[in-house]
Amino acid sequence: MRLNATNLHAGYGGVPALHGISMEIQSGEIVALVGRNGVGKTTLVKTLMGLLPVTDGELLLDDQPITNWAPSKRVRAGLRATFQEKGLFQELTVGENLRLNGFEPNAQDAVLEQFPKSLSGRQSQRAGTLSGGEQKMLAAACALKTDASLIIMDEPTEGLQPSNVEVLGDHIDNARSAGRGVLLIEQHIALANRLADRFIVVEKGRVVEASPADDPTIQTRIKKRLAI
Amino acid sequence: MEALGIELLNGLGLFATLGIVALGLGIVFGLMGVINLAHGEFVMIGAYVAYLVQDGGLNYWLAIPAAAVVLFFVGSAVEMVLIRRIYQKPELTILATFGLSIVLRQLAEILFSKNSRKVSNPIPGATDVFGITFPTYRLVLIVVATLIVVAVLLLFTKSRFGLTVRAIVANRGLAESSGIRTSVANILAFGIGAAAAGVAGVLVAPLVSVDSQIGLSYLPGAFLVVIVGGFTRLWGVVIGAAIVAAVQTGVTHYVDAVWAQIAALVLAVVMLQLSRSGSREVTI
């Protein structure tokens, strides 16, 4: 599966936030999208998922136009996303959140056991009462353990303990090994360096760098762009 | 003692009637946040379905599924044509549903004239309950209404569909991003809310004169129940109906019916004030 964004424009209430982003992500690769705060990364996630309307440009999924598709139709076609904030239904239980993502009660333990043991057996706990890190891991589990072909992950490691960052990294790596594509929007550069096949750098709603991870100069350019 | 027993049964009857009438409003207003001023007219349509079924020589009880089906489609059509465009815009919802209520009443007058119609009591006579003689139909209404309310509550609390509706109410964008077709779930929820109102109309029809204005007399009571029970949980309809029925029956018994209405209104105002200080967190 391949997702193409061409000259994508989007924004909030007439104020543009994306100014013509073009990019591609396909099954079997991890693309790390990096950029400073406020450059439009989360806007891009919402636009790719159909939560924000495209004001100009085109989105293709396997060459099929999906620009005007509802988010649920994109999900059924094989796209998934985890969000930086409010990635779970706070008022619902852990088990209900999993059920809404297609994991019936008899399959939930198998999902939870692959993530920190602390979530095992806590299906009846309200998701809103989990710690921030636990919520992030559960949201990631909801996306990574589905059969989606392309997964967009917006800052999945934000607020995670270092040990859990490694666990999540392994799961993302496993997703690639299983032939799935991941667009990893990440401030945690070390994780992006470990996993990415390609890098995209965004500034002010535009792609300013796009290189394979084995480009010998990409790390220097990214550090310069992010002022690390 | 016998007078108290009669009041108790009257209170139960009022509880059942309020509960079944307010149930649909609880779904549409409480869960979906749509202030539906045409809810009373859905009750009216249900009452006319009961009239048509009986007038056509069919068994009265067939009117319950008939009204549920008719009102489900009416409610679904209203959601698709009218409500879908104005979610999250309460002022437009009020105007649109107020207009719809006028249209539905006028249609009823065109089809059935302004004259009231009579739905015959399907179970005439009285039954002895612990030494108290009480109309049999009212007893059956208590049982049937309770069963329907419990069934709908179970649908929204225990089923996959209920979970889907709760997810949409909690976070529509995230629900869509989880693959839930929110537009379809909205149609179903609105249709079920309207169907519940239609069934309520069938059940109350033998107790009243059926005319185009019948819905107006049930709408305020339904809103009182939803407000007293709390907007954000469907079980609140049962609690609200119980409280409003107890207050109205008690005050009617000890003072009079006018003060009973005033007491229920004061109670609703107090609950509104209390709810304003709380968060809008939706449970079922």
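So, how was this worked out
- Residues numbered from 1 in each chain as written.
- Chains lettered and ligands numbered in written order.
- Predicted model: local features only at pLDDT ≥ 70, side-chain atom pairs only at ≥ 80, totals over all residues.
- Heavy atoms only, no water.
- Helix = DSSP H or I, 4+ residues; strand = E, 2+ residues; numbered from the N terminus.
- Phe/Tyr/Trp six-rings, centres within 6.5 Å; stacked < 30°, edge-to-face > 60°.
- Buried < 20%, exposed > 50% of the residue type's maximum accessible area, 1.4 Å probe, protein only.
- Salt bridge = Lys/Arg side-chain N within 4 Å of Asp/Glu carboxyl O.
- Core = buried A, V, L, I, M, F, W, Y, C linked by side-chain atoms within 4.5 Å.
- Contact = heavy atoms within 4.5 Å.
- Axes fitted to C-alpha atoms, helices over the stretch in contact; angles between N-to-C directions.
- Parallel < 35°, antiparallel > 145°, perpendicular 65-115°, else oblique.
- Left-handed = near helix turned anticlockwise from the far one by under 90°.
- Nonpolar A, V, L, I, M, F, W, Y, C, P; charged D, E, K, R; others polar.

Visitor: Got a minute to help me understand the environment of Ala143 of chain A in this structure?
Guide: Within the secondary structure, Ala143 of chain A is located in helix H5 (residues 132-144). In this structure, the C-alpha to C-alpha distance between Ala143 of chain A and Met153 of chain A, residues 10 residues apart in sequence, is 8.6 Å.

Visitor: Looking at this model, I keep getting lost on the packing of aromatic side chains. Mind explaining?
Guide: Think of a pair of aromatic rings as described by two things: how far the centres are apart, and how the planes are tilted against each other in angle. All names here are of chain B. Under the defined criterion, the tally for this structure stands at 8 aromatic pairs over all chains. Here the aromatic rings of Phe29 and Phe223 are separated by 5.3 Å at their centres, their planes lie at 65 degrees, and the arrangement is edge-to-face. Here Phe29, found in helix H1 (residues 2-31), pairs with Phe223, found in helix H9 (residues 214-229); they are 194 residues apart in sequence, far enough to count as distant. Pair check on accessibility: Phe29 and Phe223 agree, each one buried.

Visitor: In this structure, what is going on with the pattern of salt bridges? I would like to understand it.
Guide: When the charged atoms of two side chains with opposite charge come close together, those side chains can pair. Residue and element names in this part refer to chain A. Tallied over the entire structure, the rule returns 17 salt bridges over all chains. Its salt-bridge partner being Arg2, residue Asp63 comes within 3.0 Å of it at the nearest N-O pair. Taken as a pair, Asp63 in the loop between strand S4 (56-61) and strand S5 (64-65) and Arg2 in strand S1 (residues 2-12) lie far apart in primary sequence, 61 residues in all. According to the relative accessible area criterion, Arg2 is partly exposed, its value standing at 25%. Linking Asp173 and Arg176 is a salt bridge whose minimum nitrogen-to-oxygen distance equals 2.7 Å. Of this pair, Asp173 and Arg176 both sit in helix H6 (residues 162-177), 3 residues apart, roughly one helical turn. For Arg176, a relative accessible area of 17% gives the class buried. What you see here is one network of salt bridges that share partners, running through Glu203, Glu209, Asp215, Arg221 and Arg225.

Visitor: Before we go on, may I ask you to explain the nonpolar core in this structure?
Guide: If you look at soluble globular proteins, the nonpolar side chains tend to sit buried side by side. Counting residues in hydrophobic clusters, the biggest one holds 79 residues, and the most contacted among them are Ile20, Phe42, Phe156, Phe190 and Leu203 of chain B. Residues in contact with Ile20 of chain B, not counting those within four places in the same chain, are Ala145, Ile148, Val149, Ala196, Val199, Ala200 and Leu203 of chain B. Core analysis: the next-biggest nonpolar cluster, separate from the first, contains 40 residues, Ala5, Leu61 and Ile185 of chain A together with Ile180 of chain B among them.

Visitor: Before we go on, may I ask you to explain the packing of H1 of chain B against helix H8 (residues 182-204) of chain B in this structure?
Guide: A pair of packed helices is captured by two measures, namely the crossing angle of their axes and the spacing between those axes. Residues and elements named next belong to chain B. Remark: H1 packs on H8, axes separated minimally by 8 Å, with the N-to-C direction vectors making an angle of 165 degrees. One finds that H1 runs roughly antiparallel with respect to H8. Considering only the axes of H1 and H8, their crossing is left-handed. Across from Thr17, Ile20, Val21, Leu23, Gly24, Ile27 and Val28 in H1, the residues of H8 making contact are Ala189, Phe190, Ile192, Gly193, Ala196, Val199, Ala200, Leu203 and Val204. Of the residues in the contact of H1 with H8, the class split is 13 nonpolar, 3 polar and no charged.

Visitor: Mind showing me how you'd approach helix H6 (residues 160-170) of chain B here?
Guide: Because an α-helix packs 3.6 residues into every turn, residues spaced three or four apart end up facing the same way. Burial within H6 of chain B is extensive, with 8 of its 11 residues counted as buried. Taken residue by residue, H6 of chain B has Phe161, Gly162, Leu163, Thr164, Val165, Arg166, Ala167 and Ile168 of chain B as its buried positions. Buried residues in H6 of chain B make contact with helix H3 (94-100) of chain A together with H1, helix H5 (136-158), helix H7 (172-177) and H8 of chain B.

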